[in-house]
Amino acid sequence: MRSWLFVPGNSEKKLAKSLATAADAVIVDLEDSVALNDKESARVITSSFLRETSRASPALWVRVNALDTGLTDEDLDAVMAARPAGIMLPKSLSGKDVTHLDAKLTVLEARHNIDDGDTQICVVATETAASLFTLGTYMGSSPRLSALTWGAEDLSADLGAQTSRDGDGKLTDPYRLARALCLSGAVAASAQPLDTVFVNFHNEPGLKEECEAACSDGFTGKMAIHPNQIDIINQAFTPSLDAIQRAQVIVAAFADAGNAGVVAIDGEMLDRPHLRRAETVLTRAELAKNK
Ligand code: COA
Ligand code: MG
């Protein structure tokens, strides 16, 4: 899924509005965008929204409060009957947190007559300094784990930093490290690597540039905070016609050569990694077409 739109779980208006966007997923937020006093009303609004929205797209996810807040169980109790596509877990410390959440979901799925394992998990895996050292532990943590993403804001607060970006708006080193670890941790765990939010929602060229860099590095989608960001994200993470045609030529060249290890196209040597990349482009194009 390319675009994941955050919507505060206590805003009926924004929730309704999110369905008019082309987002592949909506993440209804019960965490940071909802003040402590509003958590209960947000749970009620979120669960009615999930129950009343019966459509396949966008996929409806819920971000619950972190495991150490004491609020996670109440969040899950409120929303699981309404069968969200997945649960986003913030401030995850390691794969153990995913295994822990998996156990909670198994119990709730049984209680609500949902097939075992139907509810997916996405973690925000880089929000504390300690979490940067455990990105390799998500491998094998749960078959539900379908996406890993990262966050700069909470990490910068934990590190005691003033900002996560330099004067040109580029991420500084600690956050580039977090981003790279998230990408590798996700791929190692066979989960979708999902790039973090771009908070300056009026800066469309800046968002486009960040999406293109993320896509080129291997991320397959990006989270959004505003409806205006969705089309830019979808476009950046959908392979262009040129890229699709080039990939088709590469795949055909390997097939014509009897699945050889190496082929030459227009005087350029291409080997198995090029074939894998071309196949990935075609898979992404197929996924985008089905949206
Ligand atoms: N989802 C759905 N609709 C949204 C939206 C969102 N994330 N963000 C804004 N909108 C709606 C607004 O309600 C407004 O609707 P209207 O035209 O019917 O009045 C329209 O889009 C334009 O919004 P705009 O005036 O440009 O922004 P805003 O000042 O109302 O909201 C934010 C700005 C940042 C508060 C808002 O975008 C937001 O709440 N984003 C999500 C925050 C979040 O969930 N953060 C947690 C993860 S980091
Ligand atoms: Mg946060």
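None of the values given here were measured: they were computed from a predicted structure.

Caption draft 1: Region of interest: the coordination of the magnesium ion (ligand 2). Donor atoms from the polypeptide that bind the magnesium ion (ligand 2) are Asp 32 (OD) and Asp 154 (OD), placed at 1.9 to 2.1 Å. Highlighted residues: Asp 32 in the loop between β2 (25-29) and α2 (39-52) and Asp 154 in helix α5 (residues 153-159), separated in sequence by 122 residues. When its relative accessible area of 47% is taken as the criterion, Asp 32 is described as partly exposed. Among the residues examined, Asp 154 registers a relative accessible area of 22% and is labelled partly exposed.

Caption draft 2: Representation of the packing of aromatic side chains in the model. Inspection of every chain in the model, using the stated rule, returns one aromatic pair. With a centroid separation of 4.9 Å and an interplanar angle of 55°, the aromatic rings of Trp 4 and Trp 61 are classed as tilted. On the criterion of sequence distance, the pair formed by Trp 4 in strand β1 (residues 3-8) and Trp 61 in strand β3 (residues 59-63) is long-range, its members being 57 residues apart. Both residues of the pair, Trp 4 and Trp 61, belong to the buried class.

Caption draft 3: Structural context of the sheet that holds β1. Read around the closed barrel, the eight strands follow the order β1-β2-β3-β4-β5-β6-β7-β8; overall the barrel is parallel. Averaged over all pairs of adjacent strands, the angle between their axes in this sheet comes to 25°, without regard to strand direction. Sitting on the sheet, helix α6 (residues 173-188) touches β6 (145-149) and β7 (192-195), and the angle it makes with β7 is about 160°.

Caption draft 4: Just the domain arrangement of the chain, in detail. As assigned here, the chain comprises domain 1 (3-236) and domain 2 (241-289). Placing a centre on the C-alpha atoms of domain 1 and another on those of domain 2 gives a separation of 32 Å.

Caption draft 5: Up close: the packing of helix α3 (residues 72-79) against helix α4 (residues 95-111). Contact geometry for α3 and α4: axes closest at 11 Å, N-to-C directions at 30°. The way α3 lies across α4 gives a crossing that is right-handed. Judged by residue contacts, Asp 73, Leu 76 and Asp 77 of α3 engage Leu 101, Lys 104, Leu 105, Leu 108 and Arg 111 from α4. Grouping the amino acids of the contact of α3 with α4 by side-chain chemistry returns four nonpolar, no polar and four charged.

Caption draft 6: Region of interest: the site of ligand 1. Around ligand 1, the surrounding shell holds 15 residues, and the nearest of these are Phe 6, Lys 13, Lys 14, Ile 225 and His 226. A distance of 2.8 Å separates an oxygen atom of ligand 1 from a polar side-chain atom of His 226. Where the shell around ligand 1 is concerned, the elements lending two or more residues are β1 and α1 (12-18). Across the shell around ligand 1, the residue classes break down as seven nonpolar, three polar and five charged.

Caption draft 7: Representation of the pairing of β2 in the model. Counted residue by residue, β2 has five buried out of five residues, so it is predominantly covered. Burial of β2 is two-sided: the residues Ala 25, Ile 27 and Asp 29 facing one way and the residues Val 26 and Val 28 facing the other way are all buried. Here β1 pairs with β2 via five bridges, running parallel. Residue pairing in the sheet places Leu 5 in a bridge with Val 26 of β2. Note that the unit made of β1, α1 and β2 has a crossover that is right-handed. Pairing between β2 and β3: five bridges, direction parallel. Considered in β3, the bridge of Val 28 is made with Val 62. A crossover links β2 with its parallel partner β3, the connecting element being α2, and its sense is right-handed.

Caption draft 8: The arrangement of a nonpolar patch on the surface in detail. Residues Val 199, Phe 201 and Ile 225 make up a contiguous nonpolar surface patch of about 220 Å² in total accessible area. Note on placement: Phe 201 falls in the loop between β7 and α7 (204-217). Classification of Phe 201 as partly exposed rests on a relative accessible area of 32%.

Caption draft 9: Representation of helix α10 (residues 272-289) within the structure. Here α10 is 18 residues long and its end C-alpha atoms lie 26 Å apart, about the 26 Å a rise of 1.5 Å per residue gives. Of all the positions in α10, only Leu 275, Ala 278, Ala 285 and Ala 288 are classed as buried. The buried side chains of α10 occupy one side of the element, clustering within an arc of 155° when seen end-on. Relative to its buried face, α10 has exposed residues pointing more than 90 degrees away, namely Arg 276 and Leu 287. Looking at the buried residues of α10, the elements they touch are α9 (241-256) and β10 (268-271).

Caption draft 10: Expanded view of the pairing of strand β5 (residues 120-124). For β5, a buried count of four out of five residues is recorded, marking the element as mostly surrounded by other parts of the structure. Of the pairings in the sheet, the one linking strand β4 (residues 86-89) to β5 comprises four bridges and is parallel in character. Its bridge partner being in β5, Met 88 is matched across the sheet by Cys 122. Handedness of the crossover joining β4 and β5 through α4 is recorded here as right-handed. Bridging between β5 and β6 involves four bridges; their strand directions are parallel. Note that in β6 the partner of Cys 122 across the bridge is Ala 147.

Quick notes on the rules
Residues numbered from 1 in each chain as written. Chains lettered and ligands numbered in written order. Predicted model: local features only at pLDDT ≥ 70, side-chain atom pairs only at ≥ 80, totals over all residues. Heavy atoms only, no water. Donors = N, O, S within 2.8 Å, 3.2 Å for Na, K, Ca; no water. Helix = DSSP H or I, 4+ residues; strand = E, 2+ residues; numbered from the N terminus. Buried < 20%, exposed > 50% of the residue type's maximum accessible area, 1.4 Å probe, protein only. Phe/Tyr/Trp six-rings, centres within 6.5 Å; stacked < 30°, edge-to-face > 60°. Pairing = 2+ DSSP bridges. Axes fitted to C-alpha atoms, helices over the stretch in contact; angles between N-to-C directions. Contact = heavy atoms within 4.5 Å. Domains from an automatic or database assignment. Left-handed = near helix turned anticlockwise from the far one by under 90°. Nonpolar A, V, L, I, M, F, W, Y, C, P; charged D, E, K, R; others polar. Near = heavy atom within 4 Å. Polar contact = N/O pair within 3.5 Å; in protein donor to acceptor, adjacent residues only side chain to side chain. Right-handed = clockwise from strand over helix to strand, strands pointing away. Patch = residues over 30% accessible without salt bridge, like charges linked within 9 Å, V, L, I, M, F, W, Y side chains within 5 Å. Areas by Shrake-Rupley, 256 points an atom, 1.4 Å probe, with all protein chains shown as cover. Salt bridge = Lys/Arg side-chain N within 4 Å of Asp/Glu carboxyl O. Expected span 1.5 Å × (residues − 1). Arc of directions from axis to C-beta.

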